[in-house]
Amino acid sequence: CNAYFLDDQGNDLELTDYQADIVRTLITKKPKRNLLWATTRAGKSFALAIGAILLAMLRSGEKIKIVGPTTDHAKIIMNYVLDHVSDDEDIVASLTAKAGKDKAKKLREELSKRRITFENNSEIEILSASVNSGGRQLLGKGGSTVIVDEAEQIPDEIVRTRILRMVGDRPNAQMFLISNPTFPDKRGFMWEVKDRQEDIREQIEDTEDEEELQKLQDKITWNERVISWEEAVEAGRMTEEFIEEERRNLTSAEFKILYDAEY
C-alpha cells in the first residue's frame, strides 16, 4: 500500500494497523466470512477500497462486488477506488487496454463506469441491493469477493436469500458485511449472527465434552471485528477532544452506536 498509493497530501500512503488488517484479510481471503462494525470516520470504507484494488491487481479472475442498500451507498467505497486507482502507473497499466486509445482517455472511460475491469480478467463492480424491489437486481449475480456496505440497512431477508447466495458457487469466495450498529427496531442480519454466536460461545464455556465442543466451535462461522473510537484516536484518525465534544452533543444511545460501535 505504501508503494502503490498516495494519501490526500500526495505522500506515500500509511495505513493504520486496523486498516492494514482489513487489507490483509481481503488479499489473503482469510477469514472467508467477516462482520465489521466500526466507529464513524475510522476509515473502514477507504481500507476496503484499497484492498479491493490490490486484490483485483494481484489475483487473476477476481469478481469483486460492492453492494449497498442503494447505488449511492455502494458508490461510497467505489469513489475511493476511483480516487486511488490512478495513484501509480502499474495500477493504470493493469486496467483493461482499449485499442487505439491513449492512456488518459482510457482511464477517463474506466473511471466513469460502475464496473472497472483489469487485464488479468479481474473486475470491481457496484450493485444496489434494490431494497424496494426485494433485491431482484442481485439475482444471477455472483462474486469471488462480496463487500456489503451499510449492511444493516438491508432487510435481513434480502441478505439471507439474495446476498449470501452470491458466493455460493465459489468455494473460496469471501464476504465482508460492514456497518455501524443500529437501533433496536432496525437490527438485521449482522446482529442476528452476533447474537447467535454469543449464545454458542456461552455454550462452549459450559461444555467439557471434546466432541460436543468441536461441534459448537464449528458453528462459529463468521469472524467478528469491532473498531472502537479508542483505536481510531490511537491511530490519529480523530482526537479525544473531538470525541468528548461528540459525547456532549449526542445522546448516550447515539454515541454508543456511532463511536463505541456497539448495539
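This text follows the structure it describes.
A brief look at the structure comes next. All chains use their own residue numbering, which begins from 1 and follows the written sequence. Local features in a predicted model are, by the rule used here, given only for residues with pLDDT of at least 70; side-chain atom pairs are given and counted only at 80 or more, and totals for whole chains, interfaces and linings are based on all residues. As a rule here, side-chain values cover all heavy atoms of the structure and leave hydrogens and water aside.

1. So, the packing of aromatic side chains
(1) Moving on: The rule is short: rings of Phe, Tyr and Trp, with Trp giving its six-membered ring, pair when the centres are within 6.5 Å, and they are stacked under 30 degrees, edge-to-face over 60, tilted in between. For the structure shown, the criterion picks out 6 aromatic pairs.
(2) Moving on: Consider the rings of Trp 37 and Tyr 263, whose centres lie 6.1 Å apart with planes at 75 degrees: the pair is edge-to-face. A residue pair is termed long-range when its members are at least 10 positions apart, and Trp 37 in strand 1 (residues 33–38) and Tyr 263 in the segment after helix 11 (252–258) qualify at 226 residues.
(3) Moving on: Buried means the residue's accessible area, taken with a 1.4 Å probe over protein chains only, is under 20% of the maximum for its type, while exposed means over 50%, and partly exposed covers the values in between. Owing to a relative accessible area of 1%, Trp 37 belongs among the buried residues under this scheme. Starting at the N terminus, helices and strands are each numbered in turn, a helix being any DSSP run of H or I of at least four residues and a strand any DSSP run of E of at least two.

2. Regarding unusual backbone geometry
(1) Moving on: Note the cis peptide between Lys 30 and Pro 31, where omega equals -5 degrees.
(2) Moving on: For Pro 31, the position within the fold is in the loop between helix 1 (17–28) and strand 1.
(3) Moving on: Positive phi outside glycine occurs at Lys 29, with the angle close to 60 degrees.
(4) Moving on: The topology assignment puts Lys 29 in the loop between helix 1 and strand 1.
(5) Moving on: Relative accessible area serves as the criterion here: at 9%, Lys 29 is assigned to the buried category.
(6) Moving on: For Ala 261, which is not glycine, the phi torsion reads 55 degrees and is therefore positive.
(7) Moving on: Take Ala 261: it is sitting in the segment after helix 11.
(8) Moving on: Residue classification places Ala 261 among the buried residues on the basis of a relative accessible area of 3%.

3. Description of the side chain of Glu 150
(1) Moving on: Relative to the elements of secondary structure, Glu 150 occurs in the loop between strand 5 (145–148) and helix 6 (156–163).
(2) Moving on: In this structure, Glu 150 is buried with no salt-bridge partner, the nearest side chain bearing the opposite charge being Lys 44 at 5.6 Å. Positive charges are assigned to Lys and Arg, negative charges to Asp and Glu, while His and the chain termini are left out of the count. Salt bridge, as used here, is a side-chain nitrogen of Lys or Arg placed within 4 Å of a carboxyl oxygen of Asp or Glu.

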